[in-house]
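A look at the structure
Next come the chains, spelled out residue by residue.
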Amino acid sequence: MTETDIEADVEEAQHAALELAKRSDEDRSEALHAIADAIDARTDEILAENETDVAEGTRLLEAGEYTQALVDRLKLTESKIEDIAEMVRSVAEQDDPLGRTLSARELDDDLELYKVAVPIGVVGTVFESRPDALVQIAALGLKSGNAVILKGGSEALHSNRILFEIIEDAAANAGIPDGWAQHIEAREDVDALLEMDESIDLLMPRGSSEFVSYIQDNTSIPVLGHTEGICHVYVDDAADLSMAEDIAYDAKVQYPAVCNAVETLLVHEDVAEAFLPTITDRYETADVEVRGDERTREIVDVAAATAADWDTEYGDLIVSITVVDSLEAAIDHVTTHGSKHTESIVTEDADRASTFMRSIDSASVFHNASTRFADGYRFGLGAEVGISTGKIHARGPVGLEGLTTYKYHLEGDGHLVATYAGEDARPYTHDEFDGDWVPGHLSEE
């Protein structure tokens, strides 16, 4: 695709975004249901295209170029496709994120100011090998009234192509304006997008810290980054050890290839001798490679952890374990080595749980729960564009609310600024009130 082609696609997306923002929630939701139905109906086509990607991924795995975790993320099954369609329907059933009055203030009699939720506009996304990411982002973009530019990894090329085709066709048949979703494939197209700060309103890269940093350093477009997940579970000395074992196992084994899987287990020294043999035995039954610090290896026979392990997102059946002597030491370890994604404490002491949760500067902090709950669908957001580990403008799983901004609507009745200036200036009331913005409602009263 040439630079001219990219510019034309982005311009089409801009026009579509303006049109989409005016469509009713009913229109947008009906289109999403049509997309979900089309995904169900074309499952066999999706699986056939995905098989091509998985076969190539397996070849590159055997050649040492891909990891098993990447191939696992890539693979679709009938049940996964059913889950993808159900996710789209879940997004459709979410409350309309647009047009909500976030605040209302009377400036004076019949002069009322409303802060109203609106779409961001054109959102560019670059994401990893999971084909379901394309559908999640497109669904959330449509529901929130945003045009989306989708760039998936080359390893999922055939899967992304068929999914995009299905989405584009179903949305068009439902009356959604052409161009609201754009699919680009070439790596050089990403560099072209980075220059379009007057046309693209937000970039959302999903990938390594190095990749997100590259995007941030090479564009003036606002970037909402989804980076690595170096997640921790801390087993406190006041933990229910049976619960802790289940949580530590689920957080690593349930799906190790994702960013909310635990990478490092922190264990208080007072429970280490009781807890470590049971959890390492259970990990061994699931083929998890355990790497431990010196104190861990005094209790169980595992591989030695290196300094690099504490800063590594494995995305695989590997976990590192360190024994700590206090809650404060656990907090220090997470603060030093974490990626501000998701952390969990297992303890029956509410005060210690509160201290941990208030002290950890991560997007999600859990008490007595697996880190795997850090997910837009599980949070009830329908889906997620990604998980933001930054603090502006959205944090944690980014759902519909994270794809909106706001603007101010002022309803007056011939009001002039001159009335509120000078010696005889009329004072403002600036009174907050409850109420939704209705265009022209003052003149209709």
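Residues numbered from 1 in each chain as written. Predicted model: local features only at pLDDT ≥ 70, side-chain atom pairs only at ≥ 80, totals over all residues. Heavy atoms only, no water.

Some remarks on the overall build of the protein chain
Scanning the protein chain from terminus to terminus reveals 15 helices and 17 strands. Taking all 445 residues of the protein chain together, 53% fall into the buried category. For the protein chain, restricting intrachain contacts to residue pairs at least 6 apart in sequence, the fraction spanning at least 24 positions comes to 73%. When the accessible area of the protein chain is evaluated, it comes to approximately 20000 Å², of which 45% is carbon and sulfur surface. For the protein chain, the distance from the average position of its 32 positive side-chain charges to the average position of its 95 negative side-chain charges is 2 Å. (Helix = DSSP H or I, 4+ residues; strand = E, 2+ residues; numbered from the N terminus. Buried < 20%, exposed > 50% of the residue type's maximum accessible area, 1.4 Å probe, protein only. Contact = heavy atoms within 4.5 Å. Areas by Shrake-Rupley, 256 points an atom, 1.4 Å probe, with all protein chains shown as cover. Lys, Arg positive; Asp, Glu negative; His and termini not counted. Charge placed at Lys NZ, Arg CZ, Asp CG, Glu CD.)

Details of the packing of aromatic side chains
In this description, an aromatic ring pair is defined by two values, namely the gap between the centres and the angle between the planes. This structure, assessed with the given rule, holds 5 aromatic pairs. Aromatic side chains Tyr234 and Phe356 sit 6.2 Å apart centroid to centroid with 20° between the ring planes, which places their arrangement in the stacked category. Here Tyr234 is found in strand β7 (residues 231-235), whereas its partner Phe356 is found in helix α14 (residues 350-359), with 122 residues between them in sequence. The interplanar angle of 80° and the centroid separation of 5.8 Å between the aromatic rings of Tyr406 and Tyr408 together place this pair among those described as edge-to-face. (Phe/Tyr/Trp six-rings, centres within 6.5 Å; stacked < 30°, edge-to-face > 60°.)

Details of the sheet that holds strand β13 (residues 364-367)
Read across the open sheet, the 7 strands follow the order β10-β9-β11-β8-β7-β12-β13; overall the sheet is parallel. Strand pairing shows two members of the sheet lacking a second neighbour, β10 (303-304) and β13, which therefore form its edges. Running over the sheet, helix α10 (residues 241-253) touches β7, β8 (262-268), β11 (318-324) and β12 (342-346) and is turned about 160° from β8. Running over the sheet, helix α11 (residues 269-285) touches β7, β8, β9 (289-292) and β11 and is turned about 145° from β8. (Pairing = 2+ DSSP bridges. Axes fitted to C-alpha atoms, helices over the stretch in contact; angles between N-to-C directions.)

Remarks on the domain arrangement of the protein chain
Assigned domains of the protein chain: these are domain 1 (6-97 + 118-224) and domain 2 (231-384). A separation of 32 Å is found between the C-alpha centroids of domain 1 and domain 2. Taken together, the contacts link 13 residues of domain 1 with 10 residues of domain 2. A combined buried area of about 900 Å² lies between domain 1 and domain 2, and 54% of that area is made up of carbon and sulfur atoms. Linking domain 1 to domain 2 there are 0 salt bridges. Run the count over domain 1 and domain 2 and you get 2 residue pairs in polar contact (both at pLDDT 80 or more). Per-element accounting of the side of domain 1 that touches domain 2 gives the leading share, 5 residues, to helix α5 (residues 78-92). (Domains from an automatic or database assignment. Buried area = accessible area lost by both parts, 1.4 Å probe. Salt bridge = Lys/Arg side-chain N within 4 Å of Asp/Glu carboxyl O. Polar contact = N/O pair within 3.5 Å; in protein donor to acceptor, adjacent residues only side chain to side chain.)

Regarding the environment of Phe275
Tracing the chain through its elements places Phe275 in helix α11. Here the alpha-carbon distance between Phe275 and Val235, two residues 40 residues apart in the chain, equals 8.9 Å. Once residues within four sequence positions are removed from consideration, Phe275 is found in contact with Val235, Leu241, Ala244, Glu245, Ala248, Leu265 and Val267.

Quick notes on the nonpolar core
Counting 49 residues, the largest nonpolar core has Ile35, Ile39, Val88, Val135 and Trp180 as its most contacted members. Going through the elements one at a time, α1 (3-20), α2 (25-41), α5, α6 (132-143), β4 (147-151), α7 (157-173) and β6 (202-205) are the ones with two or more residues in this core. Sort the elements by how many residues they give to this core and α6 lands first, with 8 residues. Other than its neighbours up to four places away in sequence, Trp180 contacts Ala16, Leu20, Ala138, Leu142, Asn146, Ala147, Val148, Ile167 and Ala171. Formed by 26 residues, the second largest nonpolar core is a distinct cluster that contains Leu276, Tyr283, Ala286 and Val290. (Core = buried A, V, L, I, M, F, W, Y, C linked by side-chain atoms within 4.5 Å.)

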